Amino acid sequence: MASDVRPDEDGAAAAPPGRPRPPGDRVALRGDLRSALPDAAAAVVVTALVFAFLWARMESGASDTVAVMPFMDDAGTYWMYLLSQAFGWSGLLWAWGTVMLGLLLSGPRPARLPVSRQVLERWHRTTSLTTTALMFAHALMFAAELVRYETKVDWAERLWVGFADSFVPGWYDSGTGRVAIPIGQGALYLAVPLGLLFYVRHRIGANTWRRLHRFVIVVYVLSVWHTLLYGTNVWYGEWPRTVLWLLQLPVAVMLLLRLLRPARRAGRLGPPGGGVARPGWWVRAAGRVVVAAVVVGLVVVVVSGRDGGRDRPARPPATAPHAQETD
């Protein structure tokens, strides 16, 4: 029997005529948190598999992390750093999935979907919640590793150093991390409010929520940028880095299709002056041109192999993450 519940314009399920809308946004959040449990369990399994893979590579001497930082050639000592890496990679995978689901829902609608639109919307919400949790776990384990590392100061100072280096923008002051870590922090601090705003969309207004939700793509771009800058497993200009670039191609293509053929009529570009103020029309047109240029750029990067990776040095550097704090 066909359901009489249809999605409204802001992506939520509209209540059938004569039936009141659920009164509490908290109920919706609690429901999604329950629905996210299988998704979160899958993320934990994937994280454990990535952790085991990274551990095995470090034990075998094939770890790129050790090639970048030879002092870390001890999986038993640096297991929290490995776990931080594992959470980061599973978080990026889940971010890729939730962005692809969001673009599928907001772009051209396929004639046939493997599941109902309501199921895809629920998957989009639950994967978004799981992604945010994985991002936080990634940062938390990085902080825990820094706390373990700072052995020359008392525990209160160690906890502050670990927290500040991981969660305070601009505090970490060593090497590439001076740029890469604030970018990752920006992704995390944007992901939390942008993800949770869905559950108060009826209070702030569907149009306001819709405009803010567009910035989710910024969270994803910052996450990928953080990984390309600081992910030691894709540090060098070799195939893992190229694969990471390649995975961004479907995201860019889906985003371009979503801009060219949005699901909502109000989002379509139309001719200049056709109901849209000229500055707004030019901004929308420029956005489409920029995304098209990104698609071309990604193809060039993948085909040429010039992906910004570093050359593997003949002799590994002997560097520490940063100088330990002293009293």
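The structure under discussion appears in the preceding block.
Just so it is clear, the structure is predicted and the values come from calculations on it, not from any experiment.

### Here we look at the pattern of salt bridges
A side chain of one charge can pair with a side chain of the opposite charge when the charged atoms of the two come close.
No. 1: Summed over the entire model, instances satisfying the criterion amount to six salt bridges.
No. 2: For Arg 125, the salt bridge goes to Asp 32, with nearest N and O atoms at 2.6 Å. Separated by 93 residues along the polypeptide, Arg 125 in helix H4 (residues 117-149) and Asp 32 in helix H1 (residues 25-60) bring together distant segments of the chain.
No. 3: The residue Glu 121 makes a salt bridge to Arg 117 at a minimum N-O spacing of 3.2 Å. Here Glu 121 pairs with Arg 117, and both are found in helix H4, just four residues apart, close to one helical turn. In this pair, the class of Glu 121 matches that of Arg 117, namely buried.

### As for the packing of aromatic side chains
No. 1: Applying the stated criterion across every chain, the model contains 10 aromatic pairs.
No. 2: Geometrically, the ring pair formed by Trp 160 and Phe 163 is tilted, given 5.9 Å between the ring centres and 40 degrees between the ring planes. Of the two residues, Trp 160 and Phe 163 are both situated in helix H5 (residues 155-167); the distance of three residues between them amounts to about one turn of the helix.
No. 3: Given the relative accessible area of 37%, Trp 160 is considered partly exposed.
No. 4: Pairwise contacts between aromatic rings join Phe 136, Trp 160, Phe 163, Phe 167 and Trp 171 into one cluster.
No. 5: Positioned over the ring face of Tyr 78 is Arg 148, at 4.9 Å from the centre of the ring.
No. 6: Seen from the ring of Trp 155, Arg 158 lies directly overhead, with NZ or CZ sitting 4.1 Å from the centre.

### Quick look at the packing of helix H3 (residues 79-106) against helix H9 (residues 216-230)
No. 1: Contact geometry of H3 with H9 gives a least axis separation of 10 Å together with a crossing angle of 150 degrees. Remark: the crossing between H3 and H9 carries left-handed chirality. Contacts between H3 and H9 pair Trp 89, Leu 92, Ala 95, Trp 96 and Val 99 from the former with Ile 217, Tyr 220, Ser 223, Val 224 and Thr 227 from the latter.
No. 2: The residue makeup of the contact of H3 with H9, split by class, is eight nonpolar, two polar and no charged.

Definitions and limits used
- Residues numbered from 1 in each chain as written.
- Predicted model: local features only at pLDDT ≥ 70, side-chain atom pairs only at ≥ 80, totals over all residues.
- Heavy atoms only, no water.
- Salt bridge = Lys/Arg side-chain N within 4 Å of Asp/Glu carboxyl O.
- Helix = DSSP H or I, 4+ residues; strand = E, 2+ residues; numbered from the N terminus.
- Buried < 20%, exposed > 50% of the residue type's maximum accessible area, 1.4 Å probe, protein only.
- Phe/Tyr/Trp six-rings, centres within 6.5 Å; stacked < 30°, edge-to-face > 60°.
- Lys NZ or Arg CZ within 6 Å of the ring centre and 35° of its normal.
- Axes fitted to C-alpha atoms, helices over the stretch in contact; angles between N-to-C directions.
- Left-handed = near helix turned anticlockwise from the far one by under 90°.
- Contact = heavy atoms within 4.5 Å.
- Nonpolar A, V, L, I, M, F, W, Y, C, P; charged D, E, K, R; others polar.

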